[in-house]
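Understanding the architecture of this molecule
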Amino acid sequence: NLRCAYCFIDKDRHETMTSEVARRTAAAIVSSPGCFKRVGIYGGEPLAHFDLVRLIVEDVRAGARALDKQIRCAVASNGILLRKEHLDFFRENEVEVCLSFGSSTGRQHAYADGRDSSSEAWRGADRALRFLPRRLVTGLLCVHPENVDQLAADFSRLVRRGFTAINLEVIQ
């Protein structure tokens with residue numbers, strides 16, 4: 001839904017993972033050695049394919065239960081498509097929502113036509129922060145060479161908005 005400056009995914013190709021590949025991958029993750037697994041679902045924008053997100057989360061959780069393993073799932077999103085249906089599912093299934101933000105300059109996260117997406121992204125973030133326990137909401141602060149000078153201010157902005165967990169995503 002956006003054309004983030006740093007994203008390597010060719011959105012014009014409209015490709016996505018098939019449910020068959022998702023199921024095989026979920027099984028491979030859960031059956032791999034070790035008793036603790038963490039599954040991070042990134043995009044493009046995963047919420048544009050929520051049926052696939054749901055499938056992956058349900059499959060890895062079921063597989064982990066069957067094998068007596070622990071699983072943590074996370075979904076990275078810009079928050080623009082985040083709706084109550086998603087939040088209900090994330091809460092019920094203990095899925096961490098990682099909301100991606102660029103610099104306060106707004107240049108990294110833009111629509112295909114160049115419009116700034118920050119007001120819509122903040123609305124999604126506010127919904128997540130209101131509806132989900134704080135342990136399930138993380139801010140992803142995208143640090144790009146063109147916004148590195150804004151890092152401290154952008155970090156403080158996320159803290160003021162209510163984020164208690166913030167990851168720095170360094171992009172080259």
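Everything below is about the structure shown above.
Described below are features of the structure shown in this document. Every residue gets a number counted from 1 within its own chain, in the order that chain's sequence is written. Local features in this predicted model are restricted to residues whose pLDDT is 70 or higher, and side-chain atom pairs enter the listing and the counts only when it is 80 or higher, whereas totals over whole chains, interfaces and linings include all residues. Note that water and hydrogens are dropped before the side-chain values are worked out from all heavy atoms of the structure.

**Section: the packing of aromatic side chains**
- Centre distance within 6.5 Å is the pairing criterion for rings of Phe, Tyr and Trp, where only the six-membered ring of Trp is used; planes under 30 degrees apart are then read as stacked, over 60 as edge-to-face, and the remainder as tilted. Taken as a whole and assessed by the stated rule, the structure comprises five aromatic pairs.
- Both rings, one in Phe-50 and one in Phe-90, keep their centres 5.9 Å apart while their planes meet at 80°; by these two values the pair is edge-to-face. Of this pair, Phe-50 sits in helix α2 (residues 50-66) while Phe-90 sits in helix α3 (residues 84-92), and the two are 40 residues apart along the sequence.
- Here the term buried applies to any residue with accessible area under 20% of the maximum for its type, exposed to any over 50%, and partly exposed to those in between, with areas from a 1.4 Å probe on protein chains only. Take Phe-50: its relative accessible area is 7%, and that puts it in the buried class.
- When the ring of Phe-101 is compared with that of Trp-122, the centres are 4.4 Å apart and the planes differ by 25°; the resulting orientation is stacked. With Phe-101 in strand β3 (residues 95-101) and Trp-122 in helix α4 (residues 118-131), this pair connects stretches of sequence that are 21 residues apart.
- Linked through ring pairs, Phe-50, Phe-89 and Phe-90 together constitute an aromatic cluster.
- Lysine NZ or arginine CZ positioned within 6 Å of the ring centre and within 35 degrees of the ring normal marks a charge as sitting over the ring. Here the guanidinium or amino end of Arg-91 rests over the ring plane of Phe-131, the centre of that ring lying 4.5 Å away. Working definition: helices are DSSP H or I runs of at least four residues, strands are E runs of at least two. Numbering for both runs from the N terminus.

**Some points on a nonpolar patch on the surface**
- Each patch is built from residues that are more than 30% exposed by relative accessible area and take part in no salt bridge. Like charges join if they lie within 9 Å; nonpolar side chains (Val, Leu, Ile, Met, Phe, Trp, Tyr) join within 5 Å. The Shrake-Rupley method, run with a 1.4 Å probe, gives the accessible areas here. Residue values count only the displayed protein chains as cover. In what follows, salt bridge is the name for a side-chain nitrogen of Lys or Arg lying within 4 Å of a carboxyl oxygen of Asp or Glu. The grouping of Phe-155, Val-159, Leu-168 and Val-170 at the surface amounts to a nonpolar patch, some 360 Å² of accessible area in total.
- Examined against the element boundaries, Val-170 turns out to sit in strand β5 (residues 166-170).

**Re the environment of Val-75**
- Summarising the element assignment, Val-75 is placed in strand β2 (residues 70-77).
- Separated by 35 residues in sequence, Val-75 and Gly-40 place their C-alpha atoms 5.8 Å apart.

**Focus: the packing of α2 against α3**
- Relative orientation of the contacting elements α2 and α3 amounts to 5°, with a least axis distance of 12 Å. If you check the angle between α2 and α3, you find them roughly parallel. Of the residues in α3, those touching α2 at Phe-50, Val-53, Arg-54, Val-57 and Glu-58 are Glu-85, His-86, Phe-89 and Phe-90.
- By residue class, the composition of the contact of α2 with α3 is five nonpolar, one polar and three charged. Note on geometry: axes are lines fitted to C-alpha atoms, helical ones only across the stretch in contact, with angles between N-to-C directions running from 0 to 180 degrees. Here roughly perpendicular refers to angles of 65 to 115 degrees, roughly parallel to angles under 35, roughly antiparallel to angles over 145, and oblique to all remaining angles. Contacts between residues were defined by any pair of non-hydrogen atoms, one from each residue, lying within 4.5 Å. For this classification, the nonpolar set comprises Ala, Val, Leu, Ile, Met, Phe, Trp, Tyr, Cys and Pro, the charged set comprises Asp, Glu, Lys and Arg, and every other residue, Gly included, is treated as polar.

**Quick look at α2**
- Here the expected span of a helix is defined as 1.5 Å times the quantity of residues minus one. If you check α2, its first and last C-alpha atoms are 24 Å apart, about what 17 residues at 1.5 Å a residue would give, namely 24 Å.
- Within the span of α2, buried status applies to Phe-50, Leu-52, Val-53, Leu-55, Ile-56, Val-57, Val-60, Gly-63 and Ala-64.
- Looking at the buried residues of α2, the elements they touch are α1 (19-31), β1 (36-41), β2, α3 and β3.
- Trailing α2 by a residue or two, Asp-68 shows a phi angle of about 55°, which is positive.

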